[in-house]
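# Topology and contacts: notes
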Amino acid sequence: MREYVAQVCTTDADFLGECCRWDEVHQELMWVNQSQGPGQMYRATVDGPEVTIVRRYELSGSPSAFAPVAGRDAGWILAMDRSLWWLDVQGRLQELVTPDAGQTPPVHTNDGAADPWGRFWMGTMADDASDGHAHLYRYSAAQGLTTIFEGLSISNGIAWSPDQRTMYHVDSGPGTIRAFDVDDHGEISNQRVFAQFDVAREGTPDGLCIDEDGAMWVAVWGGYEVRHYSRQGDLLGRVPLDTAQPSSCTLGGPGGTTLYITTAQEDMSDEQLGAEPHAGRLFYAEVGVRGLVLRTFDTLESRTGEHHD
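## Some points on the sheet that holds strand β24 (residues 258-263)
Read from one edge of the open sheet, 4 strands run β2-β25-β24-β23, paired in antiparallel fashion. In this open sheet, the two edge strands, each paired with only one partner strand, are β2 (7-8) and β23 (246-252). Bridging between β23 and β24 involves 6 bridges; their strand directions are antiparallel. Residue C249 lies in a different strand from β24, and its bridge partner there is I261.

## Description of unusual backbone geometry
Its identity is not glycine, yet C19 carries a phi of approximately 50°, on the positive side. With respect to the helices and strands, C19 occurs in strand β3 (residues 17-23). Phi is positive for A129, which is not a glycine, with a value near 60°. Tracing the backbone through its elements, the reader meets A129 in the loop between β12 (120-126) and β13 (134-140). Accessibility expressed as a relative area gives 33% for A129, which makes it partly exposed.

## Things to note about the side chain of N33
Here N33 is to be found in strand β4 (residues 28-33). Exposure remark for N33: the relative accessible area of 6% places this residue in the buried category. Side-chain polar atoms of N33 contact the backbone nitrogen of L16, separated by 3.1 Å. A polar contact of 2.8 Å, which involves the side chain of N33, links it to the side chain of Q40. Setting aside residues up to four positions removed in sequence, N33 forms contacts with D14, F15, L16, G17, G39, Q40, Y42 and P63.

## Here's the deal with the sheet that holds strand β14 (residues 144-152)
Two pairing modes exist for strands in a sheet, parallel and antiparallel, and in both the strands are linked by backbone hydrogen bonds. Across the sheet, which stays open at both edges, the 4 strands sit in the order β11-β12-β13-β14 with antiparallel pairing between neighbours. Each edge of the open sheet is held by one strand with a lone partner, namely β11 (107-114) and β14. Here the average twist between neighbouring strands, direction ignored, is 20°. Pairing of β11 with β12, which is carried by 6 bridges, proceeds in the antiparallel orientation. Of the residues in β12, the one forming a bridge with T109 is T124.

## Overview of the environment of E271
Structurally, the position occupied by E271 is in helix α2 (residues 270-275). Placed 194 residues apart in sequence, E271 and I77 show a C-alpha to C-alpha distance of 37 Å.

Criteria and thresholds
- Residues numbered from 1 in each chain as written.
- Predicted model: local features only at pLDDT ≥ 70, side-chain atom pairs only at ≥ 80, totals over all residues.
- Heavy atoms only, no water.
- Pairing = 2+ DSSP bridges.
- Helix = DSSP H or I, 4+ residues; strand = E, 2+ residues; numbered from the N terminus.
- Buried < 20%, exposed > 50% of the residue type's maximum accessible area, 1.4 Å probe, protein only.
- Polar contact = N/O pair within 3.5 Å; in protein donor to acceptor, adjacent residues only side chain to side chain.
- Contact = heavy atoms within 4.5 Å.
- Axes fitted to C-alpha atoms, helices over the stretch in contact; angles between N-to-C directions.

Okay, structure coming up:
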């Protein structure tokens, strides 16, 4: 099993760094700070350990996930607080839909991503992290909001294989990564367990990304590492960190083979923060494999998917 070396590459610490994404068109690394109060979205140029923030959006709520709008210059679709929003490049927000309004216990948005068909998938979780109240939704320009799953614990990382025939989804509460078959229209079937974590002993899966070989890189919340799995679910390697709560990861950078990892300070005591001074900072590791292109939200939804069998 291979072990990679990760190093910290920012000095500022986020409360909860999330949704790390590489925009290969603009050559920018992006992520959000899902803070206790108003949060931020960052755009940065990177070169290994060198991270330069080029734009910082101060938001009115706590953002959790985003995807660029098709064309890349119209802004982003953004999951924040209890709603889905449109964020333009000037930082203006327009609310699109509030899926769980009035639910008890209250829930908020969590991880999400655009699929190869131009739709945005968004998970939720209860404010108190209680089981059974989370959903996975799919939002499209043509059909609006569709409920895919309900009764989840913490709907988290989601991604698609390079050939677009497999979708992966994390439910963090039970520590489960599931895989699904995907048809030509992006509909899923044949749910199965891809990886199961012993949460008390190992930590739980969080955000993830897929590389060009179809292998998975998944941040392990509470586990001090990112894990590297083959397409078959075999553990290939680890990226150890010196802080407990890696939250998401992406492959990118000028060479395309740098793994960037967000981390968090959430729920850490003063004693823990003193012992882990890099909590909440961004890390990087050279892993020698490229990621996939960043999928976009299509306002016209004219795509049918581009399979490469």
